[in-house]
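Examination of the molecular architecture
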Amino acid sequence: MTTQMNRSKMDAYIGFFLKWMPESFFICLILTIIVALMSLTMTDTPFWSFSPKTVSVISAWTGGFWSLLAFTMQMVVLLATGNAVAASPPAIKAMGALARLPRTRAQFLILGAAVSAILGYIHWGLGMMGAIVLGRQLMVQAKLKGVKLHMPSMVATVFMAFLPSSAGISGAAPLFAATPNYLRNLVDASYKALTPETVPLDMSVATPGFIMLLAVCMTIVVVFNIIMHPKKEDQIIEIDDETVKATTSGASNIQIDRNTPAEKANACRWVMYLFGSVGLAYSFVALYNVGLAGLNLNVFNFLFISLGLLLNAQQGPEYYAKLIQEGIMGTWGFTLQFPFYAGIFGIMNATGLGIVISHFFTSIATAQTWPAIAFVYSAL
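The following paragraphs examine the structure supplied in this document.

Looking at the overall build of the protein chain
If you tally the helices and strands in the protein chain, you get 18 helices and zero strands. Considering only C-alpha atoms, the protein chain reaches an extent of 70 × 65 × 40 Å along its principal axes. Each of the 380 residues in the protein chain was classed as buried or not, and the buried ones make up 38%. Sequence separation of at least 24 residues holds for 77% of the intrachain contacts in the protein chain that already meet a minimum separation of 6. For the protein chain, the exposed area adds up to about 21900 Å²; of that, 70% sits on carbon and sulfur atoms.

Written out as structure tokens, the structure reads:
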């Protein structure tokens, strides 16, 4: 009876969001309207002007609309290359070997959270796909070993462990801050001299204190999920036998045809090893020379493209390209919504709304309260 009541409450909770929560693109459009109305009421900017010399809300919006094209492409490449690395045969094999290590329920949950968090910190695209692959392997191994592992709890654990991805070294904000002069190009000319040329990763997300904070957060996540796991066996939902059979029967073994000249070219190994090894060697040498201070989105993406080429070299260019295609399927939000976000930024920048907002927060803040105010403001 209690289980039925809990399930009905959860169904009602999910139903509420399905009924009232719109798609992210609609929210993007509404945010554009809100920012436009704020610029009209908080600045002297007109809504529309036929004079090309007069800044209006519409000209600011359209002027900034395409300013994030390079960033959009960088994010698409980031997710696609992360998918290609995580779904490569060596990575899947490594995940399977890791999944065979745990012996108890707590060990399964801890390992899933730890690996997902580490991969997400290094590369959020790799962490996302790696968490999916590892989570499935862990649930399969738990069932084979007779460990009662609740599938929703395992999924929740690896999902919550993905927290460090947004605060890791592949995050857009820290990597852009590490790009020379990027921050200065965001501010008014009067503030350029006060803005640092660059904030390298070893001064932001790669500091020992910040990493320790993430470790503490992940410890809380793991403890919470261990406590949350159902204690009664009749409440535990294990992975289905069909998935176990598909995972353990060698369904992941890949057969590559190399019969016709075209098939041989599409499955060519040496070209993959050539470009992958040269690209990876260059990336490592460059990082060795400049360290984390020289890591930016372009360097990061080039490194993972090269790594993906090497990890999928035995299968060839066609197989690697298919993994990239699969990764791109999940990037439609970047392609559609980022231009609208750029338009919002254009309104805030060209109309002076951003300066008005920043002046408001600096006027109510002190040197001691500013970090907390910036934290809340950024979250909102």
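Topic: the side chain of Thr 157
Along the chain, the position of Thr 157 falls in helix 8 (residues 151-160). Beyond its immediate stretch of four places on either side in the chain, Thr 157 contacts Leu 109, Ala 113, Val 221 and Asn 225.

Digging into the side chain of Asn 225
With respect to the element layout, Asn 225 can be found in helix 10 (residues 208-228). Sequence-distant contacts of Asn 225, that is, excluding residues within four places in its chain, are made with Leu 109, Ser 153, Ala 156, Thr 157 and Met 160.

Some words on the packing of aromatic side chains
The tally for this structure, following the rule as stated, stands at 14 aromatic pairs. Both rings, one in Phe 65 and one in Phe 340, keep their centres 5.0 Å apart while their planes meet at 75°; by these two values the pair is edge-to-face. Residue Phe 65 is found in the loop between helix 3 (57-64) and helix 4 (69-86), and its partner Phe 340 is found in helix 16 (residues 332-350); the two are separated by 275 residues along the sequence. When sorted by exposure, Phe 65 lands in the same class as Phe 340, which is buried. Residues Phe 71 and Phe 338 carry aromatic rings whose centres are separated by 5.3 Å and whose planes lie at 5° to one another, so their mutual orientation is stacked. Pair noted here: Phe 71 is in helix 4 and Phe 338 is in helix 16, with a separation of 267 residues, a long-range link. A single burial state applies to Phe 71 and to Phe 338, both of which are buried. Put simply, the rings of Phe 25, Trp 61, Phe 65, Trp 66 and Phe 340 touch in pairs and so form one group of aromatic residues.

Observations concerning the pattern of salt bridges
Scanning all chains against the criterion turns up two salt bridges. Note that Lys 143 and Asp 241 form a salt bridge whose closest N and O atoms lie 2.7 Å from each other. A residue pair is termed long-range when its members are at least 10 positions apart, and Lys 143 in helix 7 (residues 124-144) and Asp 241 in helix 11 (residues 241-248) qualify at 98 residues. For Lys 143, a relative accessible area of 27% puts it in the partly exposed group.

Notes on the packing of helix 6 (residues 105-122) against helix 7
Each packed pair of helices is defined by two parameters, the angle between the axes and the distance between the axes. Where helix 6 contacts helix 7, the two axes come as close as 7 Å, and the packing angle between them is 165°. Classified by the angle their axes make, helix 6 and helix 7 are roughly antiparallel. For helix 6 against helix 7, the interelement crossing comes out right-handed. Contacts between helix 6 and helix 7 involve Phe 108, Leu 111, Gly 112, Val 115, Ser 116, Leu 119, Gly 120 and Ile 122 from the first element and Trp 124, Leu 126, Gly 127, Gly 130, Ala 131, Leu 134, Leu 138, Gln 141 and Ala 142 from the second. Counted by class, the contact of helix 6 with helix 7 contains 11 nonpolar, six polar and no charged residues.

What about helix 7?
The first and last C-alpha atoms of helix 7 sit 30 Å apart over 21 residues, in line with the 30 Å expected at 1.5 Å per residue. Burial analysis of helix 7 places 15 of its 21 residues in the buried class, which makes it a mostly covered element. Just past helix 7, the residue Gly 146 takes up positive phi, approximately 75°.

Focus on the environment of Asn 185
By the secondary structure assignment, Asn 185 is in the loop between helix 9 (172-177) and helix 10. The class of Asn 185 is exposed, set by a relative accessible area of 57%. Between the C-alpha atom of Asn 185 and that of Thr 195, which follows or precedes it by 10 residues, the distance is 9.5 Å.

Quick word on helix 16
In this model helix 16 runs 28 Å from its N-terminal to its C-terminal C-alpha over 19 residues, within 8% of the 27 Å that 1.5 Å per residue would give. If you look at helix 16, its biggest bend is around 35°, right at Phe 338, and the proline Pro 339 turns up within four residues after that. For helix 16, every residue scored as buried is listed here: Gly 333, Phe 334, Gln 337, Phe 338, Pro 339, Phe 340, Ala 342, Gly 343, Ile 344, Gly 346 and Ile 347. Packed against the buried residues of helix 16 are helix 2 (24-42), helix 3, helix 4 and helix 7.

Considerations on the environment of Ile 236
With respect to the helices and strands, the residue Ile 236 is situated in the loop between helix 10 and helix 11. Since its relative accessible area comes to 12%, Ile 236 is described here as buried. Along the chain, Ile 236 and Ser 153 lie 83 residues apart, while their C-alpha atoms are 9.3 Å from each other.

Notes on the environment of Cys 28
Inspection of the secondary structure assignment puts Cys 28 in helix 2. For the pair Cys 28 and Ala 86, spaced 58 residues apart in the sequence, the C-alpha separation amounts to 30 Å.

Examining the packing of helix 13 (residues 270-290) against helix 14 (residues 297-311)
Orientation of helix 13 relative to helix 14, taken along the N-to-C sense of each, is 145°, at an axis distance of 8 Å. When the axes of helix 13 and helix 14 are compared, the crossing they make is left-handed. Contacts between helix 13 and helix 14 involve Met 272, Tyr 273, Phe 275, Gly 276, Ser 277, Gly 279, Leu 280, Tyr 282, Ser 283, Phe 284 and Leu 287 from the first element and Val 299, Phe 302, Leu 303, Ser 306, Leu 307, Leu 309 and Leu 310 from the second. Of the residues contributing to the contact of helix 13 with helix 14, the split by class is 13 nonpolar, five polar and no charged.

Cut-offs used in this document
- Residues numbered from 1 in each chain as written.
- Predicted model: local features only at pLDDT ≥ 70, side-chain atom pairs only at ≥ 80, totals over all residues.
- Heavy atoms only, no water.
- Helix = DSSP H or I, 4+ residues; strand = E, 2+ residues; numbered from the N terminus.
- Buried < 20%, exposed > 50% of the residue type's maximum accessible area, 1.4 Å probe, protein only.
- Contact = heavy atoms within 4.5 Å.
- Areas by Shrake-Rupley, 256 points an atom, 1.4 Å probe, with all protein chains shown as cover.
- Phe/Tyr/Trp six-rings, centres within 6.5 Å; stacked < 30°, edge-to-face > 60°.
- Salt bridge = Lys/Arg side-chain N within 4 Å of Asp/Glu carboxyl O.
- Axes fitted to C-alpha atoms, helices over the stretch in contact; angles between N-to-C directions.
- Parallel < 35°, antiparallel > 145°, perpendicular 65-115°, else oblique.
- Left-handed = near helix turned anticlockwise from the far one by under 90°.
- Nonpolar A, V, L, I, M, F, W, Y, C, P; charged D, E, K, R; others polar.
- Expected span 1.5 Å × (residues − 1).
- Bend = angle between axes of the 7 residues up to and from the residue.

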